[in-house]
Amino acid sequence: MITRWLLSLALCCGGPVGLAQAQDIDFGDDSSEYANDGECDDPRFQGPGMTGTILLDSDIRADATDCRTAFERGMLWLREDAPTTPQSAGDIDFGDDSSGFARDGECDDPRFEGPAMAAGTLLDSDTRADATDCRSAFERGAVWLKGNAPNEPIIVDGIDFGTDSGSYTWDDECDDPRFEGAGMTASVLSDDNIKADATDCAGAYQAGNLRMRGDGPAGPVVVDGIDFGFDNSPYSRDGECDDPRFEGMGMTGSTLYDANIKADATDCLQAYRAGSLTLTPYEPGSPVVVDGIDFGLDTSPFARDGECDDPRFEGMGMTAAKLFDSSTRADASDCVGAYRAGNLAMRGEGTAGPVVVDGIDFGVDSSPYSRDGECDDPRFEGSGMTDSTLYDSNIKADATDCREAYQSGALTPRDYEPGRPLVVDGIDFGQDSGVYARDGECDDPRFEGPGMTSAKLYEGNIQADASDCASAYRNGAVQLRATGGGQTEPSGKRRDSKG
């Protein structure tokens, strides 16, 4: 169906001459369940702004916003106002839905062409076998019989937008490389699409989201009160935001420059809308200050890598690498992001909350042994623990080390409380007060089994190697001796070494 004639008139002249205007039409309300989805579902209309799904009488006067918007853009008209075309739907034998690709929203009948056609090879066997899809697309002007394609160019404000002969037409993104702005596609631009994506580009131009390159802006891109600016950065439209006012996963991994402020609009806007960017309180040359804390700038070589490297802070948002004084006030974006997320606090000032994972309170990083890659909290056991002596003062004070080891499976919590003996299945394992505690072998002479030390046993280690013996007991590697303590020495010192 030839819709180009009607669209060109609508775009350049405010609507088809002699046809109904928006103020003359009762669009109704938005009571349809399909309202506000960007497609008109009211069956009184037809045109490229219509939904591709089956039309329902219940949606008459019930999709007002979508239908009015499309009508005012020239993408819809009342059915009784449809332009004269070489064929009408009643003149065409669409056949039936016997194709294996029937009712999938794409026309597979090779007699047709247009933006609603299925991609890939068309099969002769689908001739007159995809009736519902092809009829729906034909009636909204998205397919036509081959040889009857509309070819009148759209001209608006003296700009020749061409026709819809490109490969990426009717997708609501302008692919014509002569233009720039928020209405452009994020895909790679090709000269093949010059004057070949008319409807998309003319619509975006009319909405103020497009301009000819080098002709000056129709106005900067502003969304949610944020001025994203234009696409005049040499790094614009590369899929990464280069504007240093932002932070998040959508940012470039390269060095940021103040010259790109408000100069990478399309990339930054798309990442912002996808939820992968947030605006920071950044001003060129000025340090970032949040809640009275001077976070400084992004001058560290480790800036903007998603981890805070400023040694003044502690918490889950910190890097696991070694900290350097040179990163003080030099990793602003990373540290601000972690601080706002509650994963960072100034050292010595308490935290925005302790590190809690799976209901386990790992505490903070206040131990002198924190962030050394080993867990020093005596409430845990496993290969991620330090080999050094454990102290109760490190309880809930080595959060990062212990949390990382726990999440990697190298730690498990144990039933430990300061000053309280460890009791499992009614057995009092005591505490870790022995000289050989926490060396991976049970030294308590009350037990026997493959989890025991191979060295001589001493009475001094009774109830004094709790972690080792309880762990071995749980793993089935030791059990209580049937008849007492066995061969032991009274002294706490070994006369032979462990072998």
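Residues numbered from 1 in each chain as written. Predicted model: local features only at pLDDT ≥ 70, side-chain atom pairs only at ≥ 80, totals over all residues. Heavy atoms only, no water.

> Would you mind showing me how to read helix H5 (residues 265-273) here?
Residues separated by three or four positions in an α-helix point in the same direction, a consequence of the helix having 3.6 residues per turn. Those residues of H5 that fall on the buried side of the exposure criterion are Ala-265, Thr-266, Asp-267, Cys-268, Leu-269 and Ala-271. Residues of H5 that are buried sit in contact with strand E9 (221-223), strand E10 (226-229) and strand E11 (246-247). Positive phi shows up at Gly-275, right after H5, with a value of about 80°. (Buried < 20%, exposed > 50% of the residue type's maximum accessible area, 1.4 Å probe, protein only. Helix = DSSP H or I, 4+ residues; strand = E, 2+ residues; numbered from the N terminus. Contact = heavy atoms within 4.5 Å.)

> Where do I start with a nonpolar patch on the surface in this structure?
On the surface, Tyr-34, Ile-54 and Leu-56 cluster together into a nonpolar patch covering about 270 Å² of accessible area. One can find Leu-56 in the loop between strand E1 (45-46) and helix H2 (64-72). When its relative accessible area of 36% is taken as the criterion, Leu-56 is described as partly exposed. (Patch = residues over 30% accessible without salt bridge, like charges linked within 9 Å, V, L, I, M, F, W, Y side chains within 5 Å. Areas by Shrake-Rupley, 256 points an atom, 1.4 Å probe, with all protein chains shown as cover. Salt bridge = Lys/Arg side-chain N within 4 Å of Asp/Glu carboxyl O.)

> Looking at this structure, I do not really get the environment of Asp-377. What am I missing?
Within the secondary structure, Asp-377 is located in the loop between strand E18 (360-363) and strand E19 (380-381). What makes Asp-377 buried here is its relative accessible area of 1%. When the C-alpha positions of Asp-377 and Ala-399 are compared, they lie 8.4 Å apart, and in sequence the two are 22 residues distant. Discounting residues that sit within four places of it in the chain, Asp-377 has contacts with Met-385, Asn-394, Ile-395, Lys-396 and Cys-402. At 2.8 Å, the side chain of Asp-377 forms a polar contact with the side chain of Arg-379. (Polar contact = N/O pair within 3.5 Å; in protein donor to acceptor, adjacent residues only side chain to side chain.)

> Even after reading the chapter, I still don't get the packing of aromatic side chains, so can you show me in this structure?
Aromatic ring pairs are reported here in terms of the distance separating the ring centres and the angle at which the planes meet. Tallying each qualifying case throughout the model produces 15 aromatic pairs. Between Phe-27 and Phe-45, the ring centres sit 5.7 Å apart and the planes meet at 5°, which makes this aromatic pair stacked. With Phe-27 in the loop between helix H1 (4-13) and E1 and Phe-45 in strand E1, this pair connects stretches of sequence that are 18 residues apart. Note on accessibility: Phe-27 and Phe-45 belong to one class, buried. On the basis of an interplanar angle of 5° and a centroid distance of 5.3 Å, the ring pair of Phe-161 and Phe-179 is categorised as stacked. Taken together, the residues span a long stretch of sequence, with Phe-161 in strand E6 (residues 159-162) and Phe-179 in strand E7 (residues 179-180) at a distance of 18 residues. In this structure an aromatic cluster arises from ring pairing among Phe-27, Phe-45 and Phe-71. (Phe/Tyr/Trp six-rings, centres within 6.5 Å; stacked < 30°, edge-to-face > 60°.)

> Before we go on, may I ask you to explain the side chain of Asp-41 in this structure?
Relative to the helices and strands, Asp-41 is located in the loop between H1 and E1. Here Asp-41 is in contact with Tyr-34, Met-50, Thr-51, Thr-53, Leu-55, Leu-56, Asp-59, Asp-63 and Cys-67, once residues within four sequence places are set aside.

> Sorry if this is basic, but what is going on with the pattern of salt bridges here?
Opposite charge on two side chains makes pairing possible when the charged atoms of those side chains draw close. In the structure shown here, the tally under the stated rule is 17 salt bridges. One salt bridge connects Arg-446 with Asp-444, and the closest N-O pair in it is separated by 2.9 Å. Where Glu-448 meets Arg-481, a salt bridge forms, and the shortest distance between an N and an O atom there is 3.7 Å. On the criterion of sequence distance, the pair formed by Glu-448 in strand E23 (residues 447-448) and Arg-481 in the segment after strand E24 (479-480) is long-range, its members being 33 residues apart. Residue classification places Glu-448 among the partly exposed residues on the basis of a relative accessible area of 29%.

> Mind showing me how you'd approach a negative patch on the surface here?
On the surface, Asp-37, Glu-39, Asp-171, Asp-172 and Glu-173 cluster together into a negatively charged patch. Relative to the assigned elements, Asp-172 resides in the loop between E6 and E7. (Lys, Arg positive; Asp, Glu negative; His and termini not counted. Charge placed at Lys NZ, Arg CZ, Asp CG, Glu CD.)

> What is the right way to read the state of the cysteines from this model?
Here a disulfide denotes a covalent bond joining the sulfur atom of one cysteine to the sulfur atom of another. Going through the model one piece at a time under the given rule, you end up with seven disulfides. Between the sulfur of Cys-174 and that of Cys-201 lies a disulfide, 2.0 Å long from S to S. Taking the sign of the torsion about the S-S bond as the criterion, the disulfide between Cys-174 and Cys-201, at about 90°, is right-handed. Taken together, the residues span a long stretch of sequence, with Cys-174 in the loop between E6 and E7 and Cys-201 in helix H4 (residues 198-206) at a distance of 27 residues. Accessibility classification places Cys-174 together with Cys-201 in one group, the buried group. (Disulfide = S-S within 2.5 Å.)

> Just to check I follow, could you spell out the side chain of Asp-465 for this structure?
With respect to the element layout, Asp-465 can be found in the loop between E23 and helix H8 (466-474). Filtering out sequence-adjacent residues up to four positions away, Asp-465 remains in contact with Gln-431, Asp-432, Tyr-436, Ala-437, Arg-438, Glu-441, Cys-442 and Asp-443.

> Please clarify how the pairing of strand E22 (residues 427-430) should be interpreted in this entry.
Look at any regular strand and the pattern is simple: side chains alternate between the two faces of the sheet. Across three bridges, strand E21 (residues 422-424) lies against E22 in antiparallel orientation. Looking at the pairing, Val-423 lines up with Asp-428 of E22. Counting the residues that bridge the hairpin from E21 to E22 gives two residues, and of these Asp-425 lies at a positive phi of roughly 55°. (Pairing = 2+ DSSP bridges.)

> Even after reading the chapter, I still don't get the environment of Ser-383, so can you show me in this structure?
In this fold, Ser-383 is placed in the loop between E19 and helix H7 (399-407). Sequence separation between Ser-383 and Leu-411 is 28 residues, and the spatial gap between their C-alpha atoms is 6.5 Å.

> Whenever I open this one, the pairing of E18 confuses me. Can you help?
Direction of pairing for strand E17 (residues 355-357) relative to E18: antiparallel, over a ladder of three bridges. In the sheet register, Val-357 faces E18, and the bridge partner there is Ile-360. If you look at the hairpin formed by E17 and E18, you'll find two residues sitting between the two strands, and Asp-358 has a positive phi there, around 55°.

> Before we go on, may I ask you to explain the confidence of the model for the chain in this structure?
Detailed conclusions should not be drawn from predicted coordinates in areas where pLDDT is low. Summing up the model confidence of the chain, the mean pLDDT is 78 and the portion of residues at 70 or higher is 84%. Taking the mean pLDDT of every element in the chain, the minimum, 40, falls on H1 and the maximum, 94, on E23. For the stretch residues 1-19, pLDDT sits under 50, and the model shows 54 contacts to residues farther than four places along the chain or on other chains. Confidence drops under a pLDDT of 50 for residues 82-86, and excluding neighbours within four residues, the segment shows ten contacts in the predicted structure. (pLDDT = per-residue confidence, 0-100.)

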